[in-house]
Number of protein chains: 4
Amino acid sequence: MSLTPAAAAALDRQAIELPSWAFGNAGTRFKVFTTPGTPRTVEEKLADAAQVQALTGLAPSVALHIPWDLVDDFGKLAAYADDLGLRLGTINSNTFQDDDYRLGSLTHVDPAVRRKAVDHHFRCIDVMHATGSRDLKIWLPDGTNYPGQGDIRGRQDRLAESLRTIYDRLGPDQRLVLEYKIFEPFFYTMDVPDWGTAYAHATALGDRAVVCLDTGHHAPSTNVEFIVAQLLRLGRLGAFDFNSRFYADDDLIVGAADPFQLFRILAEVVRGGGMDAGSGVQFMLDQCHNIEDKIAGQIRSVLNVEEMTARALLIDRDALTAAQEAGDVLGANAVYMDAFWTDVRPWLADRREERGLPRDPVAAYAASGYAEQIAAERVGGRQAGWGA
Amino acid sequence: MSLTPAAAAALDRQAIELPSWAFGNAGTRFKVFTTPGTPRTVEEKLADAAQVQALTGLAPSVALHIPWDLVDDFGKLAAYADDLGLRLGTINSNTFQDDDYRLGSLTHVDPAVRRKAVDHHFRCIDVMHATGSRDLKIWLPDGTNYPGQGDIRGRQDRLAESLRTIYDRLGPDQRLVLEYKIFEPFFYTMDVPDWGTAYAHATALGDRAVVCLDTGHHAPSTNVEFIVAQLLRLGRLGAFDFNSRFYADDDLIVGAADPFQLFRILAEVVRGGGMDAGSGVQFMLDQCHNIEDKIAGQIRSVLNVEEMTARALLIDRDALTAAQEAGDVLGANAVYMDAFWTDVRPWLADRREERGLPRDPVAAYAASGYAEQIAAERVGGRQAGWGA
Amino acid sequence: MSLTPAAAAALDRQAIELPSWAFGNAGTRFKVFTTPGTPRTVEEKLADAAQVQALTGLAPSVALHIPWDLVDDFGKLAAYADDLGLRLGTINSNTFQDDDYRLGSLTHVDPAVRRKAVDHHFRCIDVMHATGSRDLKIWLPDGTNYPGQGDIRGRQDRLAESLRTIYDRLGPDQRLVLEYKIFEPFFYTMDVPDWGTAYAHATALGDRAVVCLDTGHHAPSTNVEFIVAQLLRLGRLGAFDFNSRFYADDDLIVGAADPFQLFRILAEVVRGGGMDAGSGVQFMLDQCHNIEDKIAGQIRSVLNVEEMTARALLIDRDALTAAQEAGDVLGANAVYMDAFWTDVRPWLADRREERGLPRDPVAAYAASGYAEQIAAERVGGRQAGWGA
Amino acid sequence: MSLTPAAAAALDRQAIELPSWAFGNAGTRFKVFTTPGTPRTVEEKLADAAQVQALTGLAPSVALHIPWDLVDDFGKLAAYADDLGLRLGTINSNTFQDDDYRLGSLTHVDPAVRRKAVDHHFRCIDVMHATGSRDLKIWLPDGTNYPGQGDIRGRQDRLAESLRTIYDRLGPDQRLVLEYKIFEPFFYTMDVPDWGTAYAHATALGDRAVVCLDTGHHAPSTNVEFIVAQLLRLGRLGAFDFNSRFYADDDLIVGAADPFQLFRILAEVVRGGGMDAGSGVQFMLDQCHNIEDKIAGQIRSVLNVEEMTARALLIDRDALTAAQEAGDVLGANAVYMDAFWTDVRPWLADRREERGLPRDPVAAYAASGYAEQIAAERVGGRQAGWGA
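No experiment lies behind these values; they were computed from the predicted model shown.

If you walk through the whole model with that rule in mind, you get 92 aromatic pairs over all chains. Ring centres of Y247 of chain C and F183 of chain D lie 4.6 Å apart, and the angle between their planes is 0 degrees; this geometry places the pair in the stacked category. Residue Y247 of chain C is located in the loop between β9 (237-242) and α8 (259-271), and its partner F183 of chain D is located in the loop between β6 (175-179) and β7 (189-190); the two belong to separate chains. Here the two residues Y247 of chain C and F183 of chain D agree in accessibility, since each one is buried. Within the aromatic cluster, the residues linked to one another by ring pairs are F260, F263, Y336, F340 and W341 of chain A together with F260, F263, Y336, F340 and W341 of chain D. The residue whose ring lies beneath K116 of chain A is Y101 of chain A, and the NZ or CZ to ring-centre distance is 5.7 Å.

So, in structure tokens, the structure goes:
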């Protein structure tokens, strides 16, 4: 293992935001399996997130989801987080769980529904002011199920207007982060289905509108790292929602389904300056632990990102460039793969140890008794999930 | 419109089974939208299904889902159905909603869980005896989410054993219908992911084990009509679950997403004898009316199947064969497409009129006041959905 | 059949450009099957194209491919076309058949290779001046096969520079039309893989840079009509390359694989003003008649586009809008589908007859003896194909 | 690195067959790039293959393609191979390059064409007797491009008959290995599109009919290792054609596109007994070195297979089984991934050194001067490619 000083500094800067909802229950339309100890409140979610940070040092902030994480006093919540060694991060809006949004929210034909959805985002901005969050992330769940059901063009025009209203409400240091998704929860059109659409809206809005790339939100066989490179080049890559997939938006643990893809993505992040200080690229997880332990799953996830980032930073850029410029196809690929196949795990364990962290955070968590403790303590109440 | 006598007879025989659950609420993992008037009981589901049959004459039977449709006295339920002009049809088992099945049911490593899942199927067979149903349909929701999580091979071996036990319990006139699905609710492996697996198990079991083809359960770009033709050739096409999709198992109204695919499927059904008297191929709907009216959606669905069947029956088989044998690529395609583009709707309306049915069943339903009536009457109680 | 006057006028305006190379041989990497009578020269290609126009009245212009269609005197070629009742249309560049372009053309690391590729486009612009063509279409075949082989970001930067140089050379009435494609001939990255990339480059270049949408150049399950609607909204839809596909860039006859998709695409073209006079949207075919007759294949293709355009124009826009605004999901879909299922063929045959064209152009072509004539006359020489 | 004795023995047994055509030119329908030194004869192909074997010890046999590799005296060719330290392996038939096969070969409607295609396979069997080859591999390139063009069912019936005739001609120690492919060179149907079809034909034929799995021949998102496990369970996995892909049948170097998939495949091979002595599973490469050096590409390929096999053999089966049986989702996945992330390369280099092989075969090849030598010597003649 031999990272350049710049690469080592980049690794030192790495911070991965945890989504509060990863600690609640999640599932499929068929079944949501529950686990003992699942948080009932946002405070309990934060307590669980603090375990991940304590054992890895990689996850200093937590994203909130409104209204799931609504509290009366966000200042108090921020202080609570601070006590746990955490910061409150991105604020995520939600327009997919209200009956009024059956046929759309920011794109709805009815101005009253659009107004309601815009107001929800205003409320999110209020929360951002209280928490000190920089980013308002909008994953727009709007779309249609049947050809002819909606007017694709009209929906775009209404979306542009709604986004403009929201964007203009943001403070000067706040950003609108627009996420795209090819399908689900709608099955014919989504109103922001691809990066091109998110990019076109972002450029129309202004400099503080950027794009969120969820690694599971593309058509099969899409080259995701190309999009990463392109958005960085265009100055519009705002955030990642990391997860992995074999089929659709499977929301599996990042790196679980196609670790080489994660490597290629992170290699483009490094190449495009996304790991540089002040790059503005936010790394976040967005996964569903349908059947596995949630806290251990989050620990595994941040370790996966760190390990792969280390591999991406290991690429011998000089040798790679030389081979690329020489037209040496196999040689360039070999330089690239050499970093991928290097076993960075022992080195990262040493590095953790130097910093007073456990060599094996997964084992340390299992040994900590925390899972048993919350299972015993968190009895009664209503476990958090996507509905609350 | 000019159907041959044999084609006209095939159209006369067409019967499309309705799933009881199509009348309850359905949705995505993000949200289940509800509608006023949604049935609370299996009797109310049957009442709604009876509307579809009364207005179209195409849907004389209803499939039940166990345990969602469990009643104390299935004989009484069958009599109730009979009063409504309906028969009780296929019995569908369910092993996806019990906490015990988180890691599998018929394939689980724990013999006690497998026993429980087998017993559930025994109970379904008991229901079949009470209802006079011929078919036990098993859509196996078992699978894994992470590489290494389960032993793919061991799961197959346990599945074979479980299916054998169930199969041996069937009566001499009953069939085991095994459905396959590429993914969901699991995202790495499904234990019956493709027709080849279903076919291999069916042939190992015996003559009364057949395959169910759900039109939404394949990888993108799979040629579904080829599978139809092949299963008919091999004598193992037992049933269809009709729906349509743009992306995954979208469960949209049959024919809505790719009407030409539905035509091609039905053309192979006709070609392979699947419309012949006694063919044993069961046509069923399996859809989710997430945002549209459910009863009207079912009416639209059976009409779509009928219209497309009429088009498939219209293919001039002699002309087609002649062009195929002459190697006339464009000519053969033209014969095929000529049937697809023929507007069979006026002719089918006439045909309905002759039979005392409304020319336009959708309009007749809207005019009937039934939707308003059930919305007014079905107040209180718990609306049926996938959970009950 | 009842088109509004505006719709009828739109249909009257419809013109579909034929690609000269459709009349030459095409195939797969496995085999190029040849047919008797295949043109040896660009003049023979034009003669074949003139058959399509004579029998359908739908195809008044022919796109050329440089260098395949290079002649010494393009003024003379234009006059020859004029005698045949044709115009010369879009000029298509080619940077995929020279050994120098193995690792890229406009994106190559070597400035000398980029210069060569730019010069090729300058030559194409010279041809445009001679032929009076408006559009320079660039389908960029550049890409890489192996991760690490090339620098994704650097290739984009070089591409931007090359395109700028070409764009600045265009005359004030000429356009640069940039086509995107997800994969092939390269299998890891393409340098213009998606509409977002083509759009970002076009907006950077200027108002006369627009995007070409080839219907076969997307990932599986991409909603192509959404892209059509979006590019029209953004004012950047310059051209279509029509064909159809089941799997990849199959280049089958337009409308053959998924006729409903073609309908949805044309419905968005109509909705977005793409059929309006002066819209600037160029409709072109780009197909490979691997195993079927080429001239008959082109006739079938332009008829498919015309029939589907007629269906798209038949949509009752007032009724559709009313249902959409009322949130009537099934009703809006029904209005939409009603147009799709209407059999426009007899009406279009009548319309042709009124204009002195054959009711059935396919049959008229078969009866004309042209195929037999060219098979007899075009003996010797080298049949045109992708290589020449 | 710590392999069990059984695992070490399995690794020792590993042999990867090279395809003779990998040393000739290959490309896309757009362009075949050539390289200096490309073989003109089968003898030169064998000489190149001998380089791979000499430097890696992993590739003791070479598959031949008929008619590309036809020689007058196969006994002499076998002796020549033997001198080079090679054996002649699988015989691959070819029915995709004759004009007669435009509409099919073993499935053609014309009995004379079917007869010709069967006779070609008889000739291949004659070659097998001369070379001592065990396996006749049939990749059937038959299919159709347009719906209606052919009769799907009739084509299956004719295929069954043709295969029966060929199978019956085989000697008692010879096998028929039937390969499937989802699409290309045909784009609507292939006559053997999936493993289910190949399996159904194989079981109908007899015990010596088995299936060949080409890793690039599936629909997007297909779980290939499931098919491997299933075919092994059913006793019908005869051979692999290894390569890799991002999109379609890209034919990239094995392990290049998705190394984790290759690991999962090999893990199932190990689990299912496919690495056991006498398993009958033949490992072969089938790739296209479109732009990279061919011999170096083959060396890279066999090393990729060896490295990944070592990783698959490293899986701690006891720990894995224990975690699986305990229902420890994350734990089982961790055991599995631990093997994947282990850097086996230094250990394999040591192992090569112990056997008198170069530690770094790629570097050794580059240093050998062989590439320069053949470029200088092989001047004139016609370079081998898919056409010859």
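Next comes the rest of the account.
The two copies are related by a screw operation: chain A maps onto chain C through 180 degrees of rotation and 0.0 Å of translation along the axis, at an RMSD of 0.0 Å. What the rotation and shift describe, once combined, is the action of a two-fold rotation axis. Minimal C-alpha separation from the rotation axis in chain A is found for G196 of chain A, amounting to 2.0 Å. Interface overlap between copies is the fraction of interface residues in one copy that are interface residues in the other; for chain A against chain C it reaches 100%, indicating a shared surface.

To continue, consider the pairing of strand β3 (residues 87-92) of chain D. Residue and element names in this part refer to chain D. The element β3 is largely enclosed, with a buried count of five among its six residues. Across four bridges, strand β2 (residues 61-65) lies against β3 in parallel orientation. Within β3, the residue paired with H65 across the bridge is N92. Since β2 and β3 lie parallel, the crossover through helix α3 (residues 74-83) that links them has a hand, and here it is right-handed. For the crossover from β3 across helix α4 (residues 111-131) to strand β4 (residues 135-139), the handedness is right-handed.

Right, let's talk about helix α8 (residues 259-271) of chain D for a bit. All names here are of chain D. Given a rise of 1.5 Å per residue, 13 residues ought to cover 18 Å, and the 18 Å separating the end C-alpha atoms of α8 matches this to within 8%. Burial within α8 is extensive, with 11 of its 13 residues counted as buried. Taken together, the buried positions of α8 are occupied by P259, F260, Q261, L262, F263, R264, I265, L266, A267, E268 and V269. Following α8 by one or two positions, G273 adopts a phi angle in the positive range, close to 90 degrees.

With that out of the way, let us pick up the interface of chain C and chain B. Between chain C and chain B, the residue contacts involve 27 residues of the former and 27 residues of the latter. Taken over both partners, the interface formed by chain C and chain B buries close to 2,300 Å², and the fraction arising from carbon and sulfur atoms is 66%. Its largest share of buried area at the contact with chain B, chain C owes to L330, W341 and R345 of chain C, together 30% of the area lost on that side. Summed over the shared surface of chain C and chain B, the number is two salt bridges. Our enumeration of links across chain C and chain B arrives at two residue pairs in polar contact (both at pLDDT 80 or more).

Per the UniProt record, "domain: Xylose isomerase-like TIM barrel" (unreviewed entry) is found at residues 76-248 of chain A. Structurally, residues 76-248 of chain A comprises 39% helix and 18% strand, and the distance from its first C-alpha atom to its last is 39 Å.

For these two chains of identical sequence, chain C goes onto chain B by a turn of 180 degrees and a shift of 0.0 Å along the axis, with RMSD 0.0 Å. In this assembly, 100% of the residues forming the interface of chain C have copies in chain B that are likewise at the interface, indicating an isologous arrangement.

Bringing the sheet that holds β4 of chain D into the picture now. Residue and element names in this part refer to chain D. Sheet architecture is closed into a barrel: eight strands sit in the order β1-β2-β3-β4-β6-β8-β9-β10, paired in parallel fashion. In this sheet, adjacent strand axes meet at a mean angle of 30 degrees when their direction is disregarded. As judged from the five bridges shared by β4 and β6, these two strands associate in the parallel manner. Across the sheet, residue L136 finds its bridge partner in β6, namely L176.

A word on helix α7 (residues 224-233) of chain D. In terms of burial, α7 of chain D is largely enclosed, as nine of its 10 residues are buried. The residue sitting at the N-terminus of α7 of chain D and contributing the capping side-chain oxygen is N223 of chain D; that oxygen lies 3.3 Å from the backbone nitrogen of E225 of chain D.

Contacts between the two partners involve 53 residues from chain A and, on the opposite side, 53 residues from chain C. Both sides of the chain A and chain C interface together cover about 4,200 Å² of buried area, and 59% of this is carbon and sulfur. Counting across the chain A and chain C interface gives four salt bridges. If you look at where chain A meets chain C, you find 20 residue pairs in polar contact (both at pLDDT 80 or more).

Quick look at the packing of helix α7 (residues 224-233) of chain A against helix α5 (residues 152-169) of chain C now. For the pair α7 of chain A and α5 of chain C, the least separation of the axes is 9 Å and the interaxial angle reads 55 degrees. As the angle between them shows, α7 of chain A and α5 of chain C are arranged oblique. Crossing hand, α7 of chain A versus α5 of chain C: right-handed. Side by side, α7 of chain A and α5 of chain C meet where E225, F226, A229, Q230, L232 and R233 of chain A of the first sit next to I152, R153, Q156, D157 and A160 of chain C of the second. Here the residues of the contact of α7 of chain A with α5 of chain C are counted per class, giving five nonpolar, two polar and four charged.

Quick notes on the rules
- Residues numbered from 1 in each chain as written.
- Chains lettered and ligands numbered in written order.
- Predicted model: local features only at pLDDT ≥ 70, side-chain atom pairs only at ≥ 80, totals over all residues.
- Heavy atoms only, no water.
- Phe/Tyr/Trp six-rings, centres within 6.5 Å; stacked < 30°, edge-to-face > 60°.
- Helix = DSSP H or I, 4+ residues; strand = E, 2+ residues; numbered from the N terminus.
- Buried < 20%, exposed > 50% of the residue type's maximum accessible area, 1.4 Å probe, protein only.
- Lys NZ or Arg CZ within 6 Å of the ring centre and 35° of its normal.
- Least-squares fit on C-alpha atoms with pLDDT ≥ 70 in both.
- Contact = heavy atoms within 4.5 Å.
- Pairing = 2+ DSSP bridges.
- Right-handed = clockwise from strand over helix to strand, strands pointing away.
- Expected span 1.5 Å × (residues − 1).
- Buried area = accessible area lost by both parts, 1.4 Å probe.
- Salt bridge = Lys/Arg side-chain N within 4 Å of Asp/Glu carboxyl O.
- Polar contact = N/O pair within 3.5 Å; in protein donor to acceptor, adjacent residues only side chain to side chain.
- UniProt positions renumbered as here; feature names shortened; annotations may be inferred.
- Axes fitted to C-alpha atoms, helices over the stretch in contact; angles between N-to-C directions.
- Parallel < 35°, antiparallel > 145°, perpendicular 65-115°, else oblique.
- Left-handed = near helix turned anticlockwise from the far one by under 90°.
- Nonpolar A, V, L, I, M, F, W, Y, C, P; charged D, E, K, R; others polar.

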